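# Summary of structural features
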Amino acid sequence: MFQSDEDISRPEASRMVRGRGRFLDDIKLPGMCSAAFVRSLHAHANITRIHVEEALKIPGAIAVMTPEEVLPYVEPVRPAAPGSSDFARPYDRYPVPPGKVVFVGEPILAVAAETPHIAEDMVDAITIDYEPIEAVTDVDQSLAPGAPTIHQGMADNIVFFREFGGGDADTAFQQADLVLEKIFNFPRQTAVPLEGRGVIASYDRGQDHLTVWTSTRAPHQSRSVFATVMRLPEYGVRVIGPDTGGEFGIKGTGYPEAIILSFLSKKINRPVKWVEDRMENLLACAHAHEQRVEVSVAAKDDGTVLGIRSKVLVDQGAHCLGPTSAGLEPMTTGQSIVGPYRIENYHCEAYGVLTNKCPGGPYRGVGTVQGVFVIERIMDMIAQALNMDPAEVRDRNFIQPHELPYATVAGRLYDSGDYPGSLEKLMQLSEYQDLRLAQQRARANGEHLGIGISCFVEHTSTGSQDYHKRGVYGLPAFDSATIQVDPRGNVTAAVSAQSTGQNHESVFANLVARELGVPYETVKIIEGDTDATPFGSGTGVSRSAVSTGGAIRLAAQDIKQKVLELARFFLENEEGELNIAGGEVFVEADPSRRVSFARVAASAYDASREVSLPASIERGLRVTRSFDPPHQVFGNGAHLAVVRVTPETGVVKLEKYFVVEDCGTIMDHVVVEGQVVGAVAMGIGNALLEELRYDEGGQLLTGSLMDYLVPTSLDIPEIQTLHTESPSPFTEGGVKGVGEAGTVGAYTAVANAVADALLPLGVELTEPPVGPERVWSMIKTAQGNQ
Amino acid sequence: MTNANRAIKLTVNGKEYQSSVEVRKTLADFLRDELDLTGTHLGCEHGVCGACTILFNGDAVRSCLMLAVQADGADLTTVEGLAQGNDLNALQRAFQENHALQCGFCTPGMLMTAYAFLQDTPDPTEEEVKEGISGNICRCTGYAPIIQAILQTSKGPALVLPTKDEG
Amino acid sequence: MKPAQFEYFAPTCLAQALELLEEHGDDAKVLAGGQSLMPMLNMRLARPNVVIDINRIPDLDYISPAPNGGLAIGALTRQRTVEKSDLVKERIPVLAAAVPSIGHFQIRNRGTMGGSISHADPAAELPAICLALDGELVLSSASNQRVLKAEDFFLAPLTTAIGPGELLTEIRLPARSQEWKWGFQEVCRRQGDFAMVGAVSLLQMDGGGVCQSACITMFGVGGTPLRIGRAEEALLGNRISDGALQDVSRIVSEELDPDSDIHASAAYRKEVGGVITRRALEAAINSVNGDDRA
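Residues numbered from 1 in each chain as written. Chains lettered and ligands numbered in written order. Predicted model: local features only at pLDDT ≥ 70, side-chain atom pairs only at ≥ 80, totals over all residues. Heavy atoms only, no water.

Residues and elements named next belong to chain A. Strand order in this open sheet of 3 strands is S22-S23-S24, and the pairing throughout is antiparallel. Looking at the sheet topology across the chains shown, the edges are occupied by strand S22 (578-581) and strand S24 (590-596). Between one strand and the next, the sheet's axes are offset by a mean angle of 35°, whatever the strand orientation. Here S22 runs beside strand S23 (residues 584-587); their pairing, made up of 4 bridges, is antiparallel. Within S23, the position partnered with asparagine 579 by the bridge is phenylalanine 586. Contacts between helix H18 (residues 597-604) and the sheet are confined to S22, S23 and S24, with S24 contributing the most and set at about 50° to the helix. (Pairing = 2+ DSSP bridges. Helix = DSSP H or I, 4+ residues; strand = E, 2+ residues; numbered from the N terminus. Axes fitted to C-alpha atoms, helices over the stretch in contact; angles between N-to-C directions. Contact = heavy atoms within 4.5 Å.)

Further remarks concern helix H5 (residues 144-154) of chain B. H5(B) sits mainly inside the fold: 8 of its 11 residues count as buried. Buried positions along H5(B) lie against helix H2 (90-97), helix H3 (107-120) and helix H4 (126-132) of chain B. (Buried < 20%, exposed > 50% of the residue type's maximum accessible area, 1.4 Å probe, protein only.)

With antiparallel pairing between neighbouring strands as the criterion, S22(A) and S23(A) make up a hairpin whose turn holds 2 residues, including Gly582(A) at a positive phi of roughly 55°. Hairpin remark: S23(A) followed by S24(A), antiparallel, with 2 residues in the connecting loop.

Now for the interface of chain B and chain C. At the interface, 37 residues of chain B touch 32 residues of chain C. Note on chain B versus chain C: buried area summed over both sides is about 2,800 Å², and carbon and sulfur give 50% of it. At the boundary of chain B with chain C, the tally comes to 4 salt bridges. Here Lys84(C) and Asp120(B) are joined by a salt bridge, their closest N and O atoms 3.1 Å apart. Between chain B and chain C we count 19 residue pairs in polar contact (both at pLDDT 80 or more) in total. Elements represented by at least two residues in the side of chain B that touches chain C include exactly strand S3 (53-56), strand S4 (59-62), H3 and H4 of chain B. (Buried area = accessible area lost by both parts, 1.4 Å probe. Salt bridge = Lys/Arg side-chain N within 4 Å of Asp/Glu carboxyl O. Polar contact = N/O pair within 3.5 Å; in protein donor to acceptor, adjacent residues only side chain to side chain.)

All names here are of chain A. Examined against the element boundaries, histidine 44 turns out to sit in the loop between strand S1 (33-39) and strand S2 (45-51). Judged by relative accessible area, histidine 44 falls into the buried class, the value being 2%. A polar atom in the side chain of histidine 44 sits 2.7 Å from the side chain of lysine 100. Within polar-contact distance, the side chain of histidine 44 engages the backbone oxygen of glutamate 134 at 2.8 Å. Excluding residues within four positions of it along the chain, histidine 44 makes contact with Lys100, Val101, Val102, Pro132, Ile133, Glu134, Ala135, Pro148, Thr149, Ile150 and Asn356.

Turning our eyes to something else, we now look at the interface of chain B and chain A. Contact residues are listed per partner, giving 48 residues for chain B and 51 residues for chain A. Both faces combined, the contact of chain B with chain A buries some 3,900 Å², and carbon together with sulfur accounts for 57% of it. Where chain B touches chain A, the interface holds 5 salt bridges. Between the two partners, chain B and chain A, sit 18 residue pairs in polar contact (both at pLDDT 80 or more). When residues of the side of chain B that touches chain A are traced back to their parent elements, those giving at least two are helix H1 (27-34), H2, H3 and H4 of chain B. Classifying every residue of the side of chain B that touches chain A by side-chain character gives 19 nonpolar, 17 polar and 12 charged. (Nonpolar A, V, L, I, M, F, W, Y, C, P; charged D, E, K, R; others polar.)

Attention now moves to helix H17 (residues 547-567) of chain A. With 21 residues, H17(A) ought to run about 30 Å at 1.5 Å a step, and its terminal C-alpha atoms sit 30 Å apart, in line with that. Here H17(A) lies mainly inside the structure; 16 of its 21 residues are buried. (Expected span 1.5 Å × (residues − 1).)

What follows covers the domain arrangement of chain C. All names here are of chain C. Split by domain assignment, chain C resolves into domain 1 (1-54 + 61-173) and domain 2 (181-286). The C-alpha-based centres of domain 1 and domain 2 are spaced at 25 Å. The interface of domain 1 with domain 2 comprises 23 residues on the first partner and 20 residues on the second. Buried area between domain 1 and domain 2, both sides added, is near 1,800 Å², and the carbon and sulfur share of it is 69%. Connecting domain 1 to domain 2 are 1 salt bridge. Ionic pairing is found between aspartate 134 and arginine 227, a salt bridge with its closest N-O pair at 3.2 Å. Scanning the region where domain 1 abuts domain 2 turns up 4 residue pairs in polar contact (both at pLDDT 80 or more). (Domains from an automatic or database assignment.)

Before going further, it helps to examine the packing of helix H11 (residues 368-386) of chain A against helix H12 (residues 390-397) of chain A. Helix packing for two helices is described by the angle between their axes and how far apart those axes are. Residue and element names in this part refer to chain A. In the contact formed by H11 and H12, the axes pass within 8 Å of each other and the chain directions differ by 115°. In terms of their interaxial angle, H11 and H12 are classed as roughly perpendicular. Judged by the twist between their axes, the crossing of H11 over H12 is right-handed. The residues of H12 that touch H11, namely those facing Glu376, Met379, Asp380, Ile382 and Ala383, are Pro390, Val393, Arg394 and Asn397. Each residue belonging to the contact of H11 with H12 can be placed in one class, and the counts come to 5 nonpolar, 1 polar and 3 charged. (Parallel < 35°, antiparallel > 145°, perpendicular 65-115°, else oblique. Left-handed = near helix turned anticlockwise from the far one by under 90°.)

A word on the packing of H2(B) against H5(B). Residue and element names in this part refer to chain B. Interhelical geometry of H2 versus H5 gives an angle of 140° and a closest axis separation of 8 Å. Comparing the axis directions of H2 and H5 gives the class oblique. For the element pair H2 and H5, the recorded crossing hand is right-handed. The residues of H5 that touch H2, namely those facing Ala90, Leu91, Ala94, Phe95 and Glu97, are Ile146, Ala149, Ile150, Gln152 and Thr153. The residue makeup of the contact of H2 with H5, split by class, is 7 nonpolar, 2 polar and 1 charged.

Below, the discussion takes up the pairing of strand S6 (residues 136-140) of chain C. Residues and elements named next belong to chain C. Within S6, 4 of the 5 residues are buried, which leaves it mostly tucked inside the rest of the structure. Taken together, the 5 bridges between S6 and strand S7 (residues 145-149) define a ladder with antiparallel strand orientation. By the bridge assignment, serine 140 is partnered in S7 with glutamine 145. Adjacent in sequence and paired antiparallel, S6 and S7 are bridged by 4 residues. As judged from the 5 bridges shared by S6 and strand S10 (residues 167-173), these two strands associate in the antiparallel manner. Looking at S10, one finds that glutamate 136 is bridged to arginine 172.

The subject of this paragraph is the environment of Leu148(C). All names here are of chain C. For leucine 148, the location among the structural elements is in strand S7. Residue leucine 148 is classed as buried on the basis of its relative accessible area of 13%. Among all residues touching leucine 148, those that are not within four sequence positions of it are Gly135, Glu136, Leu137, Leu139, Phe153 and Ala161.

Moving on, we come to the nonpolar core. In terms of nonpolar packing, the biggest core is built from 183 residues, with Leu640(A), Phe95(B) and Ile150(B) touching the most fellow members. Considering each element in turn, this core owes the most residues, 11 residues, to helix H20 (residues 741-757) of chain A. Three or more residues apiece are contributed to this core by two domains, here domain 1 (5-81) and domain 2 (90-155) of chain B. Leu640(A) has contacts with Leu426(A), Met427(A), Ser430(A), Tyr432(A), Leu435(A), Ile451(A), Gly452(A), Ile453(A), Lys656(A), Tyr657(A), Phe658(A) and Ala749(A), leaving out every residue within four places of it along the chain. One finds Ile483(A), Val491(A), Val546(A) and Leu564(A) within the second-largest nonpolar core, a separate group that totals 51 residues. (Core = buried A, V, L, I, M, F, W, Y, C linked by side-chain atoms within 4.5 Å.)

Residues and elements named next belong to chain A. Using the criterion set out here, one finds 12 cavities of 30 Å³ or more in the structure. Of the volumes computed, that of the largest cavity is approximately 180 Å³. Taken together, 17 residues form the lining of the largest cavity, with Thr214, Gly252, Thr253, Tyr255 and Ala258 sitting closest to its centre. Split into classes, the residues belonging to the lining of the largest cavity amount to 7 nonpolar, 7 polar and 3 charged. (1 Å grid on protein atoms, 1.4 Å probe; cavity = no way out; pocket = protein on both sides within 12 Å on 5 of 7 lines; lining within 4 Å. Points joined across faces, edges and corners; volume = space filled by probe spheres on them.)

Quick look at the structure:
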């Protein structure tokens, strides 16, 4: 009998509340020293000379690692190479600057010292002579004729371009009763996990073997990158992911610091540890979300959308972090704009544009937050133009449940979901009509109460087929599980995923226990170590429930088959149906005839005194299976936010929040609820608080958590949730991912609520209302226009 | 530089320690590096995130904003000092029961803040709890289950620290 | 982020601290609560050669009743102590109302009255409160002690009239209790953050509802806390009508000449400064407890 998810004890929680987590910075190795980085002070500059002599004189200084010492020994990564992505423009990315720097904060060289304090003293003592070059700090500058090209070998700064769509947009626009043309802008943001990046690199010169501990969500992909870049065979590299303090997309692969440190460790023959501080994290880890989206929308006067044309311009920063990242936001936004709606005519131009700023990488809700913002704002604008209720406009356009699986004109296949049903449930949950009445009363009273809705689909668990459709190759999109039963019946499941807060240890243990029919306490999940886990993509794209979960289910089925086969030797060669529950194998027709799982397992290892298996039976109980999601699968949601805006100060107060969430079959209700609420909080921060700002010279102005603001407990209202399930026809168990849906919904629901609150003032909101100043300015602009 | 190290004597989780520390070393780094009490975490080192919260002579403080030398003669409690041996206290159990943690990185700081808060406000309203933890950032949970865990604990008997170090 | 090297002293009496200050002058920074200095040390934005830790000096941590009905507060008094003090609530309720807006309770456990006032962040609450109350700052040096009025103390962002070898040792605040109405309002990005704009208003009304004294100070709108004399004059001798409040709001906006930063533009601060002053006055007039946060 499996455990209810409310009751299971979670080993990961047990050690965390005792302060016994083992995060990267908690790891101490014999002989370990500390590293720090000298980082570029210029957004775009040639490096003419590096002076390290003074730094090496400091007591406790050990060594430096300059670009010249690394460059001859590395393969460049081609983040946007043909063959990796058909639509990305190739350039070579080296882990150190090959003569010029391209963003403020770019790591140039590493130092090693006995303590982190001395390492920073060394950094202070190093001077670099630069020849500044003109920098481009936004998309328009970067695309302007005559703009400096950021990377050698590229003709311009466009690192990704794809045109796609379907139907006949021209005709749609000719037939329109209403045409809207809008430009949406999105601020630059970053994930801010509470634990920054960290790496311990330990090169064993005798074995010619590199071990890297790194706070990462993708240990095997990380290993591949190390091996490729450093020209080592995979067996020459071991990556170990310890407990990870959140990552929300940014602790993937492709960071140069880890490569530089690996060379440094080799040079000094000692393990080297680097722990990113918060300023480095904000400056140089990975930025996201900065886009401009230009849309034209054709609609009928009953609110039906006939067609959309869109141009998506993503500010990609100075580098792409990995093979998909050139097209990651452009394509995800471009494909998300059609939403859960039946839009049959669509044309999109999606650009990734390089600028001299921190490289772009994934941040929860990648691209979808912007696409959903666009279409949901459009829905509200249509409602406003046609004097309809925003919920009604959406109802006019939803894809109906019976139409699914539905191939969208943007190139996706929605698998299952009841989009109108989710909105209907939201209306009931939020008591929508009462909210509108309350709004009327508030408005009569001169108060600015706003109600915002967002309805969306969220793609999860991309598999290789979908990557190929996008023109991306060479990216592993499967995950694996090795399930082993030991001679005494205990079970381990080693998986390719890596938990960074998703409670894999308990969720997957519970899944294994359920699939095998054994007690939860006898199952252990192993993650994070490439020597101990099978190859796979890792965590990300809200995939683990589907891809790792899928691999676990397949492996468990195989193990179960073998256990049942062996059990027959214990049950007088019984030929009828057998099953397993509560750690016992039993005969379905006569459950009193049974044998314990443990006794059966022993026989597989010749450890049983009761049964000796014939030689023809393969010894051991160990299976590795993989699961490659045949399609992306789509969760859906409907969110509603209620805000109160004070126009004279621009302050927004979030008063209520409602979520209807559908992530297919739910594996663990507690964890799903936690992911949704946590993601909503993040989306609230994105909508109201978070913004990275640069000056015209490419210097980051928001360099600390005093300037880049994330939500505290006082920024989050009560969040009421309702869960519903539309199982996917494409996954094991009908499961879908859920990690990002809350952020996607909240980013837009909050923005729509502010827009709704400000409608009486004539404000048209086309960007998230981050900060009272922005809201106040919008109001001033609207007043000026009247 | 003269005067780079100082001898200090302090009590942490009921146990006495003597050490010689570099004067520029923060209290957080001292606890983590010298005493191997790695439960106290660093999230920002500029006093915003609260991950480094400990009790300093009974008061919740940001240990990244104190120098180790300032703790000479002080009585500190860190997250490792909450449980009585293997037995979690009611607050820790409430965090587990309410799923008040996901990645666990903010958790020690949250627990210490919550402990201090409940000492000060033993019978809080939900709003008071929200305000009480507003100086601690969590990126995973959205705060709701943390607030529930603290409210739940407040309904039970007052928390006490273990009487001697059994950690 | 680890501090650069420095020499460290922890004097155990005031005289010793003052000698050290005299000796090291500009090479030294005073460490009190550390909530402002330590982040700067950690980020290496401050690299003093010498740090003088005054936390071990006895007898600088007190809240004493003053003969004039006000309070004398030792510079090393923790903000949390002020927050919880019944004496403060009774004698200077506007101070009791403002202190909880300073950061979070963990910060106030260490942050000191003297530290915050000496640090003089333009967006901080305490300097503006001090100015509104016509407070006095006692500066001690090895050879001397002098008393400065708050209006002469705050010179520029993060710059006060504390001279070489001097330490702020006491803050003297006159009583402003039952006969005064007070209001304290600020606009922040999040609660506990530094204010983008804030206002303190103190009004003394006579039995007929006519304003006899008015004190309006603002923070976050200039390099130092500002007293808006023109707005105060507009209120004197009048009943405070809605019209009067609109006038004050307009005057404040006219008087302000703030800078822009990443949180708020000059235009925002200028206009919202007027709004927030009006609200502080409304709070003063309308409630028994004039505290409200935007």
